[in-house]
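Notes for the structure review
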Amino acid sequence: MPNQYLESLSKEQLIELIEIYSKNWLAMDGVWFQSVEQKFGMDEAMEHDANAWERFTVIEARKIKAFLHLPEQSGLEGLAKALRLRFYANINRDEILIEGNTLLYRTLDCRVQNARKRKGMPFHPCKSVGIIEYSGFAKEIDSRIQCEVLSCYPDVTDQSCCCGWKFTLNESL
């Protein structure tokens, strides 16, 4: 049974609540990660992070795909719509550009790295987990989409963004 209190909230209140839920989700992700990192080190934390994202990204993509009623092969337009509804979309500033059979996705302002910097912690080496996360998300939206990292910590090649990803639709698959 849905939470009936939610039905009494205005559209503005619901949007604000989504932002709160997104921040809470990210806080929980950071809390468990930092707990493992502090006790066992970054390598151990990254291993568990990779395992968690491998499973979570598929769950998130499936639920968003169903919500949007996307077809099995929804292409780059479907991926763009789905990326805009991820938890991250509510708390990070990003941009999406589609050119031909590629979609460029860039995170312009990253809440995770900002928080780690604010706390005097080293940046999260998110490239390896990002590859798992973004590749898995895109494949779940459309199995023909391939993902590659353009820039992501610790291998930042584009100083104008926190991370950059390229998705290519291979229509021959």
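Position numbers for residues count from 1 along each chain, tracking the sequence in the order it is written. Owing to the predicted nature of the model, reporting of local features is limited to residues with pLDDT of at least 70; listing and counting of side-chain atom pairs is limited to 80 or more, with chain, interface and lining totals taken over all residues. To get the side-chain values, all heavy atoms of the structure are used, and hydrogens and water are removed first.

Side note on the overall build of the protein chain
- Of the regular secondary structure elements, the protein chain holds five helices and four strands.
- Along its sequence from the N terminus, the protein chain presents helices and strands in the succession α-α-α-β-β-α-α-β-β.
- C-alpha atoms of the protein chain, sized along the principal axes, occupy 45 × 45 × 30 Å.
- Expressed as a percentage of its 173 residues, the buried residues of the protein chain come to 39%.
- Working rule for contacts: check all heavy atoms of both residues, and any pair within 4.5 Å makes them a contact. For the protein chain, the proportion of contacts with a sequence separation of at least 24, taken over those separated by at least 6, is 61%.
- Accessible areas in this description were obtained via Shrake-Rupley with a 1.4 Å probe; residue shielding takes into account the shown protein chains only. About 10,400 Å² of surface is accessible on the protein chain, with carbon and sulfur atoms providing 54% of the total.
- In this tally, Asp and Glu contribute negative charge and Lys and Arg positive charge; neither His nor the terminal groups of the chain are included. All charge positions are set by atom: Lys at NZ, Arg at CZ, Asp at CG, Glu at CD. Taken together, the 21 basic and 25 acidic charged side chains of the protein chain have centroids lying 2 Å from each other. Each helix is a run of DSSP H or I of at least 4 residues and each strand a run of E of at least 2, with the numbering of both proceeding from the N terminus. Only protein chains enter the accessibility calculation, which uses a 1.4 Å probe; a residue is then buried when its area is under 20% of its type maximum, exposed when over 50%, and partly exposed in between.

Regarding the packing of helix α1 (residues 11-40) against helix α4 (residues 111-118)
- Only the stretch in contact is used when a helix axis is fitted, and all axes are lines through C-alpha atoms; the angle between N-to-C directions ranges over 0 to 180 degrees. Where α1 meets α4, the axes come as close as 11 Å, and the angle between the chain directions of the two elements is 50°. When the interaxial angle is binned, α1 and α4 end up oblique. As for how α1 packs across α4, the hand of that crossing is right-handed. Seen from α1, the contacting residues are K23, L26, F33, Q34 and E37; seen from α4, they are R111, V112 and R116.
- Under the scheme applied, nonpolar residues are Ala, Val, Leu, Ile, Met, Phe, Trp, Tyr, Cys and Pro; charged residues are Asp, Glu, Lys and Arg; polar residues are all the others, including Gly. Taken together, the residues that form the contact of α1 with α4 break down as three nonpolar, one polar and four charged. Note on angle classes: values under 35 degrees are labelled roughly parallel, values over 145 roughly antiparallel, values of 65 to 115 roughly perpendicular, and the remainder oblique. If you view the pair so one helix is near and one far, a crossing is left-handed when the near helix is turned anticlockwise from the far one by less than a right angle, and right-handed when it is turned clockwise.

A word on the nonpolar core
- Nonpolar core, defined: a set of buried Ala, Val, Leu, Ile, Met, Phe, Trp, Tyr and Cys residues in which side-chain atoms within 4.5 Å join the residues together. Counting residues in hydrophobic clusters, the biggest one holds 20 residues, and the most contacted among them are L79, L83, L103, F137 and F167.
- Counting only elements with at least two residues in this core, the list comes to α2 (42-68), α3 (75-83), β2 (102-109), α5 (127-141), β3 (145-152) and β4 (163-169).
- Apart from residues no more than four positions distant in its own chain, F137 is found in contact with T57, E60, A61, I64, L79, A82, L83 and R86.
- Within the second largest apolar cluster, eleven residues are counted, among which are F33, M46, W53 and V129.

Focus on the sheet that holds β3
- Pairing is antiparallel across the open sheet formed by four strands, whose spatial order is β1-β2-β4-β3. Lying at the two open borders of the sheet, with one neighbouring strand each, are β1 (93-99) and β3. Put simply, the sheet's adjacent strands are angled 15° from each other on average, direction ignored.
- Pairing between strands requires that DSSP locate at least two bridges from one strand to the other. Note that β1 and β2 share seven bridges and pair antiparallel. Residue pairing in the sheet places I96 in a bridge with Y105 of β2.
- The strands touched by α3 are β1, β2, β3 and β4; relative to β2, the strand with the most contacts, the crossing angle is about 20°.

Overview of the pattern of salt bridges
- By definition, a salt bridge exists where a carboxyl oxygen of Asp or Glu is found within 4 Å of a side-chain nitrogen of Lys or Arg. The final tally for this structure, using the stated rule, is ten salt bridges.
- Between K65 and E72 there is a salt bridge, with the nearest N and O atoms lying 3.4 Å from each other.
- The exposure class of K65 is buried, given its relative accessible area of 8%.
- Among the ionic pairs, R86 bridges to E133, the shortest N-O distance being 2.6 Å. A residue pair is termed long-range when its members are at least 10 positions apart, and R86 in the loop between α3 and β1 and E133 in helix α5 qualify at 47 residues. For the pair formed by R86 and E133, the shared burial category is buried.
- Salt bridges here are not isolated pairs; linked through shared partners, they connect E60, R86 and E133.

By themselves, these figures tell us nothing about what the structure is for.
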